[in-house]
Amino acid sequence: MGRTVAFLFALFGMAGLVAAQEATPLRQADERYKADILLVVAHPDDEAAATPYLARALDEGKRVAVAYGTRGSSGENQVGTEQASALGAIREIEARSSLAHFGITNVWFLGGKDTASQDVLQSLANWEHGAALENLVRIVRLTRPEVILTFLPGTFIGEDHGDHQACGVLATEAFDVAGDATVFPSQVAAPLRRLEPYLENLRPWQAKKIYYFPDAERDDIFGDKGPAYSVKDIAKSSKKAYWRLALEGFLAHHTQAKGYIDRINKMSDAEIEKLVQTDGWGESQHFVRGKSLVGGSVTGDIFEGITPDAIPLARSEVSPGPRRPELSVELAGPWSFYAEFRRVHGLAHLPHPEPPEIALQAGTSLVIPLWICNQTASAQEFTLAVDLPSGWTVQSGAGKFSVPARQVGAARVEINLPPLAENAQRKQDAQEVTVRAETKGQSIGAVKLRVELRKRALPE
C-alpha cells in the first residue's frame with residue numbers, strides 16, 4: 001500500500017512539473033518589415049508621385065515600404081560619366097537617400113530593365129514578367145501591407161511611360177495572388193530541415209486595398225474616382241508643408257535632375273513658394289480607387305474601414321468576355337491587353353479613354369496593331385482603309401488581306417506623322433485616326449485612335 005501511494009505521489013508530482021512548464025512560443029513573421037503602405041513604382045524618383053501623401057501617412061504613424069521595378073539605369077546622368085549598370089547602382093543609392101529623408105528604410109528593387117517606350121508589353125517582357133511578379137509577391141508577403149499604392153495601369157495621353165504602367169500591372173497582379181498559397185508555393189512552404197535554401201516560410205497575404213495615381217493628363221476622367229489630399233497641410237512632426245517635405249526628398253536625385261536641384265538650392269524660401277505654384281509640387285494629390293475588400297466610400301480616406309486583422313484571399317469577379325461577330329476587326333497591342341486586364345482583374349470601373357489614345361512625337365510614325373477575326377467556315381478577304389488628318393500619310397498596311405477559316409490574323413497599319421511647325425505649341429489638339437475593314441463590300445467594323453502630336457514624346 002505504501003509503495004502504491006509513493007508511486008502515485010511521484011506520478012502526480014511529475015505531472016505538476018510538466019504543467020508548470022511554460023509553453024515555448026513559436027516564431028512569428030518579422031515585425032520589422034510589416035508595412036501599412038507598400039508603394040510600387042518603376043524608377044528612382046518615381047516615388048515623388050506619392051511622397052506628399054506618404055509624408056502625411058508617416059506623420060499619422062503609418063509604416064511605409066517601397067518597391068522599385070528598375071534602378072533607372074537607362075536614363076540621363078547629369079553629374080558624372082557613369083552609365084548603364086553603374087548608373088543604376090548610383091540611382092539606387094539616390095533612391096534610398098531620398099526615402100531616408102522621410103524615415104523610410106524598407107526598400108526593394110525588382111531588378112527589371114529600364115525600357116524607354118509607352119508600350120507596357122515591351123516593359124513587361126524586358127522585366128521578365130513572371131520573375132518580376134514572383135519578386136513582388138515575395139515582397140508583399142514579407143511586408144504584409146494593408147494598402148498598395150502604384151501607377152494606374154492604362155494607356156493615356158501624357159508621359160505614360162511603359163515602365164510606370166508595368167509596375168501598376170504587377171502591383172495589381174500581386175494584390176490578387178499574394179494571398180493564394182498555390183501561387184509561388186515555395187515562398188509559403190515551411191522548411192523540413194535546418195538552413196533550407198529554397199523554401200521561404202512566408203505566409204500568404206491579402207492586402208485590403210489598392211489605389212492608383214495616374215501618369216497622364218486626363219483629369220476629366222480621373223475626377224471623383226478616389227480620395228484627394230491637400231499637399232499644403234502642415235506636418236505635426238516637422239512643421240513643414242507636405243509639398244515641402246516631398247521636394248526636399250526629391251533633392252537626392254542628382255543624376256536625374258542636377259540642374260533643377262542646383263536652381264532650387266539657390267532660391268530663397270519665398271522664391272521656392274512661388275515656384276511650386278507653377279511646377280506641380282503645390283497641386284493636390286489625387287488617387288483612383290482600384291479595389292477595396294473592406295468597403296468604404298470611393299472618395300473616402302485611404303485607410304477608411306481598415307483594421308489590423310488579416311483577411312482571407314479574395315478572388316476577382318471576372319466578367320464575361322464580349323460576344324464577337326463572325327467577322328470583326330479589333331485594336332490589338334496594349335489597348336486590347338488592357339481591355340482584357342480590366343475584365344480579368346475585376347477593374348471594369350477603372351477610367352479609360354474612349355476612343356483609345358496616345359501622344360507621340362511629331363515627325364515619327366504611328367503603328368496601329370490589329371486583330372482581324374474570321375470565325376466563319378471559309379476563308380475571307382478583307383479590305384483595310386484608313387481615314388487620316390490632313391498631312392498624315394499611310395506608309396503600309398492598307399489594302400486587301402485574306403484570313404483562313406476560323407482564324408485570327410494579325411495586321412498592322414503604319415502611318416507617317418508630319419513634323420510640327422517651328423512656332424507650333426509644345427503639343428497639339430488630338431487628331432482622330434480611323435481604320436475601316438470591309439469584306440465583299442460590307443463593313444465589318446472600324447477602329448478609332450486619338451493621337452496627339454508633341455515636340456517630344458516617348459516612342460510608341
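The model shown is predicted, which means the values in this text are computed figures rather than measured ones.

1. A closer look at the pairing of strand 9 (residues 327-331)
Across the five residues that make up strand 9, a large majority, five, are buried. In the sheet, strand 9 pairs with strand 11 (residues 365-374) via five bridges, with the strands oriented antiparallel. Residue pairing across strands places Val329 opposite Ile372, the latter belonging to strand 11.

2. Re the sheet that holds strand 10 (residues 357-361)
Reading across from one edge, 10-17-16-12-14 is the order of the five strands in this open sheet, with mixed pairing throughout. The sheet is open, and its two borders are formed by strand 10 and strand 14 (399-403), each paired with just one other strand. Within the sheet, the average angular offset between the axes of one strand and its neighbour, ignoring direction, is 30 degrees.

3. So, the packing of aromatic side chains
In the structure shown here, the tally under the stated rule is 13 aromatic pairs. Here Phe213 and Phe287 contribute two aromatic rings whose centre-to-centre distance is 6.3 Å and whose plane-to-plane angle is 80 degrees, an arrangement assigned as edge-to-face. With Phe213 in strand 5 (residues 209-213) and Phe287 in the loop between strand 7 (285-286) and strand 8 (288-292), this pair connects stretches of sequence that are 74 residues apart. Note on accessibility: Phe213 and Phe287 belong to one class, buried. Taking 5.7 Å as the distance between ring centres and 35 degrees as the angle between the ring planes, the aromatic pair formed by Phe337 and Phe341 counts as tilted. Within this pair, Phe337 and its partner Phe341 are both found in helix 11 (residues 333-344), separated by four residues, close to a single helical turn. Given the relative accessible area of 5%, Phe341 is considered buried.

4. Description of the nonpolar core
Within the largest apolar cluster, 69 residues are counted, with the highest numbers of intra-cluster contacts made by Tyr53, Leu54, Ile148, Leu149 and Ile302. When residues of this core are assigned to their parent elements, the largest contribution, seven residues, is made by helix 6 (residues 162-177). Ile148 has contacts with Leu38, Val40, Val140, Ala171, Phe175, Ala207, Lys209, Ile210 and Tyr211, leaving out every residue within four places of it along the chain. Ile358, Phe382, Val413 and Ile415 belong to the second largest nonpolar core, which has 30 residues in total.

5. Here's the deal with the layout of surface pockets
Here the largest pocket is characterised by a volume of approximately 2200 Å³. What lines the largest pocket is a set of 50 residues, and nearest its centre among them are Asp46, Ala49, Glu159, His164 and Asp215. Secondary structure elements with two or more residues in the lining of the largest pocket: helix 7 (219-222), helix 9 (254-265), helix 10 (269-279), strand 7 and strand 10. If one sorts the elements of the lining of the largest pocket by residue count, helix 9 sits on top with three residues. Looking at the lining of the largest pocket, its residues break down into 20 nonpolar, 16 polar and 14 charged. Taken as a whole, the second largest pocket holds about 610 Å³ of empty space. Looking at the second largest pocket, it is lined by 25 residues, and the ones nearest its centre are Leu331, Trp335, Ser336, Ala339 and Glu354.

6. A few points about empty space enclosed by the protein
Applying the stated criterion across every chain yields a total of one cavity of 30 Å³ or more. Quantified by volume, the largest cavity comes out at close to 40 Å³. If you go around the largest cavity, the residues you meet are Leu152, Gly154, Phe156, Asp160, His161, His164, Gln165, Pro214, Asp215, Ala216 and Phe222.

7. Some details on the pattern of salt bridges
For the structure shown, the criterion picks out 25 salt bridges. Measuring nitrogen to oxygen at the nearest pair gives 3.9 Å for the salt bridge that ties Glu134 to Arg138. Residue Glu134 and its partner Arg138 are located together in helix 5 (residues 129-143), separated by four residues, close to a single helical turn. Judged by relative accessible area, which is 27%, Glu134 ranks as partly exposed. Relative accessible area serves as the criterion here: at 25%, Arg138 is assigned to the partly exposed category. As a salt-bridge pair, Glu196 and Arg193 come within 3.8 Å of each other at their nearest N and O atoms. For Arg193, a relative accessible area of 54% gives the class exposed. Through salt bridges with shared partners, a single ionic network connects Glu31, Asp36, Arg63 and Arg144.

8. Comments concerning the sheet that holds strand 2 (residues 64-70)
With mixed pairing, six strands are arranged side by side in an open sheet as 3-2-1-4-5-8. With partners counted over all chains shown, the strands left at the sheet margins are strand 3 (107-112) and strand 8, one partner each. Strand after strand, the sheet turns through a mean of 20 degrees between neighbouring axes, direction not considered. Helix 3 (residues 84-100) contacts strand 2 and strand 3 of the sheet and is inclined by roughly 150 degrees relative to strand 3.

9. Remarks on the pairing of strand 15 (residues 407-416)
Direction of pairing for strand 11 relative to strand 15: antiparallel, over a ladder of 10 bridges. Residue Leu366 lies in a different strand from strand 15, and its bridge partner there is Ile415. Strand direction decides the pairing type here: strand 13 (residues 393-396) and strand 15, joined by three bridges, are antiparallel. Looking across to strand 15, one finds that Thr393 is bridged to Asn416.

10. Points about helix 5
Here helix 5 contains 15 residues, and its C-alpha end-to-end distance of 21 Å stays within 8% of the 21 Å for a straight helix at 1.5 Å per residue. Within the sequence span of helix 5, burial applies to Ala132, Leu133, Leu136, Val137, Ile139, Val140, Arg141 and Thr143. Residues of helix 5 that are buried sit in contact with strand 1 (37-41), strand 2, strand 3, strand 4 (147-151) and helix 6. Backbone geometry just after helix 5 places Arg144 at a positive phi near 50 degrees.

Definitions and limits used
Residues numbered from 1 in each chain as written. Predicted model: local features only at pLDDT ≥ 70, side-chain atom pairs only at ≥ 80, totals over all residues. Heavy atoms only, no water. Buried < 20%, exposed > 50% of the residue type's maximum accessible area, 1.4 Å probe, protein only. Helix = DSSP H or I, 4+ residues; strand = E, 2+ residues; numbered from the N terminus. Pairing = 2+ DSSP bridges. Axes fitted to C-alpha atoms, helices over the stretch in contact; angles between N-to-C directions. Phe/Tyr/Trp six-rings, centres within 6.5 Å; stacked < 30°, edge-to-face > 60°. Core = buried A, V, L, I, M, F, W, Y, C linked by side-chain atoms within 4.5 Å. Contact = heavy atoms within 4.5 Å. 1 Å grid on protein atoms, 1.4 Å probe; cavity = no way out; pocket = protein on both sides within 12 Å on 5 of 7 lines; lining within 4 Å. Points joined across faces, edges and corners; volume = space filled by probe spheres on them. Nonpolar A, V, L, I, M, F, W, Y, C, P; charged D, E, K, R; others polar. Salt bridge = Lys/Arg side-chain N within 4 Å of Asp/Glu carboxyl O. Expected span 1.5 Å × (residues − 1).

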